[in-house]
Amino acid sequence: MIEPTPRRLLLLLMLVASAGAPARADEVLDRVLAVVGDHMITLTDVTAARDFGLVDAPAGADLVREILPRLIDRELMLVEVDRYAPPEPGVEALDAAMGAARARFASEEAFERALERSGINAGRLRETLRQNLRIDAYLDQRFTRGRTAQIVQDWIDGLRRRTEIVDLSITAR
Amino acid sequence: MRAVRAALAAALLVLVARATSAEVSDYLGRTVSAVRLEIEGVGVADPNLLGVVETRAGARLSMMDVRESIAHLFSLGRFDDVEVQASRDGDRVALRYALTPIHTIARIAFDGEVERPGIDAGDLRRAIGARFGGSPSARRAGDAGLLVAEQLQARGYLRPLVTPRVLVDHASERATLTFTIVPGPRTTIGQVDITGVPEPLRRSVLGELDIVPGMPYERDALTARTDAFVARRRARGYYEAAITIGVVLVDDDRRVNLTLNVAVGPRVRVAFAGDPVPADLRETFVPIEREGSSDEDLLEDSSHRIEEYFRTLGYQDARAPYARRETGGELLLTFTVARGPQYRVSRVEVAGNASVPLGELAPMLRLREGQPFSSSAMEADRRAIELLYHRRGFAAARVDADFERDVEAAPAADPARGQPTRVRIAIHEGPQATVASVRLDGNRSVGDAELREAISLDAGQPFFPPQLAADRDRMQLLYANRGYAAARVEVRSELSGDGARADVTFAIQEGPRILVDHVLIVGNVRTRADIIERELAIKPGDPLGLEALTESQRRLSLLGLFRRTRLTELRHGDETTRDLVVTVEESPVTTVDYGGGIEAGEVLRAADDGGFARTELDLSPRAFFGIGRRNLFGKNRSINLFGRISPHLSGSTGRLTTSAGALGFTEYRLLASFREPRVFETGADASLTAVLEQQRRASFNFARQSFIAEAGRRFTPAFGASGSYQIQQTRLFPFQTIAPSEQLLIDRLFPQLRLSSASGSVTRDTRDDPIEPASGGYLSATGQVAARAIGSEVGFVKTLLVAQAFRTLPRTARVVLAGNLRVGLAAGFARDVARVDEEGNVIVGPDGAPIVDRVKDLPASERFFAGGDTMRGFALDQLGAPGTIDARGFPVGGRALLVANAELRVPLRGGLGAVGFVDAGNVFARPRDFAPGDVRTAAGFGLRYRSPIGPIRVDLGFKLQRETVAGRRERPTAIHVSLGQAF
């Protein structure tokens, strides 16, 4: 029997470490997760929605199971918003929304890195927030009284039934 | 030992580090070493795909580029999924784009129990095609399966199991969609109960509905039967008939018990009493049959409609109450109309118009003295005057109008002339405001001068608020056309204390200017991308303007290559750029047309006695066939073959006989053409055409072969020009009608003739519709020169000028006044021709020299003729001034033509219309022979029917002066049947 000297033990551990390490695999940078009508939703759309709070989701929500469906609903609502053109959000409201998005990050550098990871810039983020405010304005206009989450959801369910939605996320899970 | 622990810790760290996958951040900023595109694992080097990928080898990796690349690739409409994968390549990163193509369903198949009764694979395919289109994506397989299940349920298989599966042919990227069908048991009809009708009648109702217990339960067929039952009842006056079907499934859905609730309702009859109601309006006033109801609301509305109708005729006190009486299953509705006296306007008094003279207001008024009074006309006049004042800056102007019996007017001697009615219009002008200043705020990209030119408002003009809104819209449109899609313009006005001056401010928020980044063309299978690109009025780098988009869409549609075109914007990272996606759906490249019909018209024929000309109605069948292939080689070239044949019956009786020559002369035309748009990269379209034809005219028949090369260009939507070269060989058939002594020399010397000519034309077309114009005009001038120098056997010059105008008469429902003028002039170039005998030998004179004749006329096929379509009181080619008609009354044709037409086109009902027309003109032997006294005239009327293939017309023309021709008085009328308008 060979005595386990420290040097031999070290060599053995390093061999195990290198053998047990998985081979370098291709990393998915981005892909199409869903198609709503003619509009596609990508993986970076979902990560941006999570990072910048673009949809109303609990902290730590699963990207595909919880955030993607909310983005699909958002796309459906945007079609209606574009059709009926609610009042434009004011500059102050837009600035406040941008400020809230920035405040989710500890520093400006962290905010910029998050933008870079998601492949968007501040202008695109601002435009997305503007669309969110338009959706809010449209919902206020449409459901003037008795607006409840259930009523809005029933309406969205109706939009889903009328729209071709292709969920490619199944293969992404 | 310490060293062992440290080594252990280090190894574990390595293990953990190795086991954690890389973050996206690990790749960002690294240099891209390679970019590879793969479709289902196979590398592709398609430059169209590589060109839209933004990530480049040698550049630093940016997720923005990755997102944009995915957006571009996805927008091509070729891929179901796009995935971008990264792997470390030393310090760099290699990218792989994995593309999953859209597989369209090319074939639909069914297996399983498809032979079961009621299951028709063809019907199922048609249903799928109707819902998902001709080539659905394979990813719709699930939805298609649901549709098939619905169809089976409608046929009684209430629990079908439909399993779709897709088999992809990766070589063609097409797929076969196969449905495995297990229909399950077919539900049958069990018990059928009928309510709402007496017991003795239930069996007959069941029989009429053709419902038998035990038959399959086919929901749609059942609904169709009940609908037909109801329709039959309503056609017999039972307007309230209805059937509702109650369904109860039993026996584990194998049987269905039906309850038919039949409501027959009373048989409804509508009667009118009292003053007469026009018969053609009764159904409009009382639409019981159309609405299938006789409820109180409908009847009250009917009463109001009748009363309002009579009020518009001046019967202000008109009443039309209704009464219901139900007896023995019949409901009698009686509208008793009491018109009352008719009110007539005795005078219209206008007061308060300090700023606008009465002479300016009076022409606007509909109410006139002596005319029937109508309160709706009075209201229209009130509104018109108010609008006039508002337009003049009297923003607060108010107009009141009322009427009363005019006690001062003498009562009409005849009570039928109505009650004299005095109308009073009182105008409260209020202050007049003018625009003191117009200010523009916020415009940085578009100058003041340009914006002011776009709007009509200016200082000194009357202040009219709707004008402000119109100007605001114009300004916004100007910005939209410049690429400022988000531009917003608000207009504010501030009136001075006395209300006399208004300061107007246009507050402009320009927003970002959107520029086009990439132009992506999608859907073109045969058409080359450059053919599409050259029609686009918008290129990469251009502003994304509304006008340019519309113009691009228009030009693409005009190509005639696409069934559908769509231009959409694609947003990506940058707020100020968009990609333009041009999606086209190509039309079938091959078109086949065919058809037939009857041609009818008055023609000249030689009478049996003496061969004199007489007009006869000629009916001849006509058939045509055409086949075309377009978009040849993807370059919008087209080739067409067209043939038309029209045999004419022989003999003056027009009977088709079976003896030799029974069919008489057959007209035909065979045409082959090739068209090349934008030839040699110019704006001109070119065509080459070969024609073989044989035609019959009043006094001669001819056969011709010709070849035409033409190029034309449209410089503006209205103005175009073209030029052509034509070579033709024409052979005249022996004249059956004109005596040899009266034939023109040129026709005797050149029974066969080669003509080589060049022609040019310019046109200006502002008609709103080339087939049924209601406005605009058409001008064209064509000149043709045939010369021996370019290979023609005879030479001539010929010109034809056409001018048309169309106007819709005001205050009418599309009544159109149409005018047409055609002037043709021609002159032959003199040519000396040796005379020949029948064997073709030159005839010499007494001096031994050949006898030479000088010919200056045009050949028969090129001379002008008129009559028929152009002059509808005359048979085809019948028209002619003295010198152009031979002794037996057949036209010889001439070198000058003048035709003028005026027509009033009145739409009637549906596609039917009527016309009245006056035609004038003649054919003259030579231009200098024109004499106003020789102009013939005709008038008449006709009917038009707007068919799917164009207007069909029947015209009856009357000669206004009948002359004696060849010893016989002309027939007074001529009838013509044809397609299309006369002009």
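Residues numbered from 1 in each chain as written. Chains lettered and ligands numbered in written order. Predicted model: local features only at pLDDT ≥ 70, side-chain atom pairs only at ≥ 80, totals over all residues. Heavy atoms only, no water.

Visitor: I tried to follow the overall build of chain A on my own but got confused; where do I start?
Guide: The helix and strand inventory of chain A stands at seven helices and three strands. Secondary structure elements of chain A occur, N-terminal to C-terminal, as α-β-β-α-α-α-α-α-α-β. Sequence-distant contacts in chain A: of pairs separated by 6 or more residues, those separated by 24 or more amount to 67%. Accessible surface, chain A: about 9,800 Å² in total, of which carbon and sulfur atoms supply 54%. (Helix = DSSP H or I, 4+ residues; strand = E, 2+ residues; numbered from the N terminus. Contact = heavy atoms within 4.5 Å. Areas by Shrake-Rupley, 256 points an atom, 1.4 Å probe, with all protein chains shown as cover.)

Visitor: Would you mind showing me how to read the nonpolar core here?
Guide: Soluble, globular proteins show a tendency: their nonpolar side chains are buried together. All names here are of chain A. Residues Ile41, Phe52, Leu68, Leu125, Leu129, Leu139 and Trp155 are the most contacted members of the largest nonpolar core, which totals 41 residues. Contributions of two or more residues to this core are made by β1 (27-36), α2 (43-52), α3 (63-84), α4 (91-102), α5 (108-118), α6 (122-142) and α7 (149-162). It is α3 that contributes the most residues to this core, nine residues altogether. For Phe52, the residues in contact, after removing those within four places along its chain, are Ala101, Arg104, Phe105, Phe111, Ala114, Leu115, Ser118, Ile120 and Leu125. (Core = buried A, V, L, I, M, F, W, Y, C linked by side-chain atoms within 4.5 Å. Buried < 20%, exposed > 50% of the residue type's maximum accessible area, 1.4 Å probe, protein only.)

Visitor: Any chance you could explain unusual backbone geometry here in plain terms?
Guide: Where the residue is not glycine, phi is negative for most of them; where a peptide bond is considered, it is trans in most cases. All names here are of chain B. Positive phi, normally seen in glycine, also occurs at Asp253, with a value near 70°. When you line up the elements, Asp253 lands in the loop between β9 (242-250) and β10 (255-263). Within the chain, Asn631 stands out as a residue other than glycine whose phi angle is a positive 60°. The exposure class assigned to Asn631 is buried, which follows from its relative accessible area of 5%.

Visitor: Help me understand a nonpolar patch on the surface in this model?
Guide: Residue and element names in this part refer to chain B. A cluster of nonpolar residues, Leu908, Leu912, Leu943, Tyr945, Ile949, Ile952, Val954 and Leu979, forms a patch on the protein surface that exposes about 730 Å² of accessible area. For the nonpolar patch, the elements supplying multiple residues, two or more each, are β38 (936-947) and β39 (950-959). Here Leu908 lies in the loop between β36 (896-907) and β37 (912-924). (Patch = residues over 30% accessible without salt bridge, like charges linked within 9 Å, V, L, I, M, F, W, Y side chains within 5 Å. Salt bridge = Lys/Arg side-chain N within 4 Å of Asp/Glu carboxyl O.)

Visitor: Can you help me understand the sheet that holds strand β5 (residues 104-112) of chain B in this one?
Guide: Within a sheet, adjacent strands bond to each other through the backbone by hydrogen bonds, running parallel or antiparallel. Residues and elements named next belong to chain B. Read across the sheet, three strands follow the order β5-β7-β6 without closing on themselves; strand pairing throughout is mixed. A single partner strand is all that each edge strand has here, and the edge strands are β5 and β6 (161-169). Here the strands of the sheet are splayed against their neighbours by 20° on average, with no regard to which way each runs. Bridge analysis of β6 against strand β7 (residues 174-182) gives nine bridges, and the strand direction is antiparallel. Each residue of the ladder has a partner; that of Pro164, found in β7, is Phe179. The strands that helix α4 (residues 121-132) touches are β5 and β7; relative to β5, the one it contacts most, it runs at about 145°. Along the sheet face, helix α5 (residues 141-154) touches β5, β6 and β7 and points at about 35° away from the line of β7. (Pairing = 2+ DSSP bridges. Axes fitted to C-alpha atoms, helices over the stretch in contact; angles between N-to-C directions.)

Visitor: Hey, could you run me through the sheet that holds strand β15 (residues 398-405) of chain B in this one?
Guide: Residues and elements named next belong to chain B. Pairing is mixed across the open sheet formed by three strands, whose spatial order is β14-β16-β15. Two strands close off the open sheet at either side, each with one partner strand: β14 (343-351) and β15. Each adjacent strand pair in this sheet contributes to an overall mean axis angle of 20°, direction not counted. Where β15 lies against strand β16 (residues 419-428), eight bridges are found, and the strand directions are antiparallel. Across the sheet, Glu404 pairs through a bridge with Arg422, a residue of β16. Seen against the sheet, helix α12 (residues 375-391) touches β15 and β16 and runs at an angle of roughly 155° to β15.

Visitor: Got a minute to help me understand α5 of chain B in this structure?
Guide: For the α-helix, the turn length of 3.6 residues means that residues three or four positions removed from each other point alike. All names here are of chain B. Helix length check: α5 (14 residues) gives 20 Å between terminal C-alpha atoms against 20 Å at 1.5 Å per residue, within 8%. Of the residues making up α5, those classed as buried are Ala141, Ala144, Gly145, Leu147, Val148, Ala149, Leu152 and Ala154. Against β5, α4, β6, β7 and α7 (219-235) lie the buried residues of α5. Positive phi shows up at Gly156, right after α5, with a value of about 105°. (Expected span 1.5 Å × (residues − 1).)

Visitor: What am I meant to see in the side chain of Asp80 of chain B here?
Guide: On the secondary structure map, Asp80 of chain B appears in strand β3 (residues 79-89). For Asp80 of chain B, a relative accessible area of 12% translates into the label buried. Polar side-chain contacts of Asp80 of chain B include one of 2.4 Å to the side chain of Arg139 of chain B. If we ignore the near neighbours within four places in the chain, the residues touching Asp80 of chain B are Leu168 of chain A together with Phe74, Thr100, Pro101, Ile102, Ser137 and Arg139 of chain B. (Polar contact = N/O pair within 3.5 Å; in protein donor to acceptor, adjacent residues only side chain to side chain.)

Visitor: Quick question: what am I supposed to make of the packing of α4 of chain B against α5 of chain B here?
Guide: Each packed pair of helices is defined by two parameters, the angle between the axes and the distance between the axes. Residue and element names in this part refer to chain B. Interhelical geometry of α4 versus α5 gives an angle of 130° and a closest axis separation of 10 Å. It follows from the interaxial angle that α4 and α5 lie oblique. Every pair of crossing elements has a handedness; the one defined by α4 and α5 is right-handed. Here α4 contributes Leu124, Ala127, Ile128, Arg131 and Phe132 to the contact with α5, which in turn contributes Asp143, Ala144, Leu147, Val148, Glu150 and Gln151. When its residues are assigned to classes, the contact of α4 with α5 shows seven nonpolar, one polar and three charged. (Parallel < 35°, antiparallel > 145°, perpendicular 65-115°, else oblique. Left-handed = near helix turned anticlockwise from the far one by under 90°. Nonpolar A, V, L, I, M, F, W, Y, C, P; charged D, E, K, R; others polar.)

Visitor: What is the right way to read the pattern of salt bridges from this model?
Guide: Opposite charge on two side chains permits them to pair, given that their charged atoms come into close proximity. All names here are of chain B. In this structure the tally under the stated criterion is 87 salt bridges over all chains. The salt bridge partner of Arg347 is Glu408, with a shortest N-O separation of 3.0 Å. Placement of Arg347 in strand β14 and of Glu408 in the loop between β15 and β16 is noted, with a sequence separation of 61 residues between them. Classification of Glu408 as exposed rests on a relative accessible area of 62%.

Visitor: Whenever I open this one, the packing of α3 of chain A against α6 of chain A confuses me. Can you help?
Guide: Residues and elements named next belong to chain A. One way to put it is that α3 packs onto α6 with a least axis distance of 9 Å and a crossing angle of 70°. In terms of axis orientation, α3 runs roughly perpendicular to α6. Within the contact between the two elements, α3 uses Arg74, Met77, Leu78, Glu80, Val81, Asp82 and Tyr84 and α6 uses Thr128, Gln131, Asn132, Arg134, Ile135, Tyr138 and Leu139. Residue classes in the contact of α3 with α6 are distributed as seven nonpolar, three polar and four charged.

Visitor: Would you mind showing me how to read the confidence of the model for chain A here?
Guide: Residues and elements named next belong to chain A. Overall, the prediction assigns chain A a mean pLDDT of 83, with 83% of residues at 70 or greater. By mean pLDDT, helix α1 (residues 6-20) is the weakest element of chain A at 57, and α5 is the strongest at 94. Low confidence marks residues 19-24, where pLDDT is under 50. Its contacts with residues over four positions away, or in another chain, come to five contacts. (pLDDT = per-residue confidence, 0-100.)

Visitor: Quick question: what am I supposed to make of the packing of aromatic side chains here?
Guide: The way to describe two aromatic rings as a pair is by their centre distance and the angle between their planes. Residue and element names in this part refer to chain B. Following the criterion strictly, the structure yields 21 aromatic pairs over all chains and no others. Centre to centre, the rings of Tyr343 and Phe403 are 6.5 Å apart; their planes meet at 85°, and the pair counts as edge-to-face. In this pair, Tyr343 sits in strand β14 while Phe403 sits in strand β15, placing the two residues 60 residues apart along the sequence. Take Tyr343: its relative accessible area is 13%, and that puts it in the buried class. The ring of Phe874 is capped by Lys959, whose NZ or CZ atom sits 5.0 Å from the centre of that ring. (Phe/Tyr/Trp six-rings, centres within 6.5 Å; stacked < 30°, edge-to-face > 60°. Lys NZ or Arg CZ within 6 Å of the ring centre and 35° of its normal.)

Visitor: Where do I start with a negative patch on the surface in this structure?
Guide: Judged by side-chain charge, Asp295, Asp297, Glu300 and Asp301 of chain B come together as a negatively charged surface patch. Here Asp297 of chain B lies in helix α10 (residues 296-312). (Lys, Arg positive; Asp, Glu negative; His and termini not counted. Charge placed at Lys NZ, Arg CZ, Asp CG, Glu CD.)

Visitor: How should I be thinking about the pairing of strand β25 (residues 637-647) of chain B in this particular structure?
Guide: Within a regular beta strand, the side chains point alternately toward one face of the sheet and then the other, so they alternate between its two faces. All names here are of chain B. The sheet contact formed by strand β24 (residues 613-632) and β25 spans nine bridges and is antiparallel. Counterpart to Ala623 in the pairing with β25 is Ile645. Where β24 hands over to β25, the hairpin turn is made up of four residues, of which Phe633 adopts a positive phi near 55°. As defined by bridge partners, β25 adjoins strand β26 (residues 666-676) across 10 bridges and the pair is classed as antiparallel. Residue pairing across strands places Phe642 opposite Leu671, the latter belonging to β26.

Visitor: Please clarify how the confidence of the model for chain B should be interpreted in this entry.
Guide: Detailed reading of the predicted coordinates is not advisable wherever pLDDT is low. All names here are of chain B. The share of residues in chain B with pLDDT of 70 or more is 93%, and the mean pLDDT across the chain is 87. Of the regions scoring below 50 in pLDDT, residues 11-21 engages in 10 contacts with residues more than four places distant in sequence or in other chains. Ignoring residues within four places in sequence, the model shows residues 651-662, a span with pLDDT below 50, making 15 contacts including any to other chains.

Visitor: Would you explain the environment of Pro87 of chain A in this entry?
Guide: Looking at the element boundaries, Pro87 of chain A is found in the loop between α3 and α4. Setting aside residues up to four positions removed in sequence, Pro87 of chain A forms contacts with Ala137 and Gln141 of chain A.

Visitor: For this particular structure, what's the right way to read the pairing of β38 of chain B?
Guide: Residue and element names in this part refer to chain B. In the sheet, β37 pairs with β38 via 10 bridges, with the strands oriented antiparallel. Looking across to β38, one finds that Val915 is bridged to Gly942. Sheet analysis places β38 next to β39, joined by 10 bridges and oriented antiparallel. Following the sheet pairing, Arg944 is matched in β39 by Arg953.

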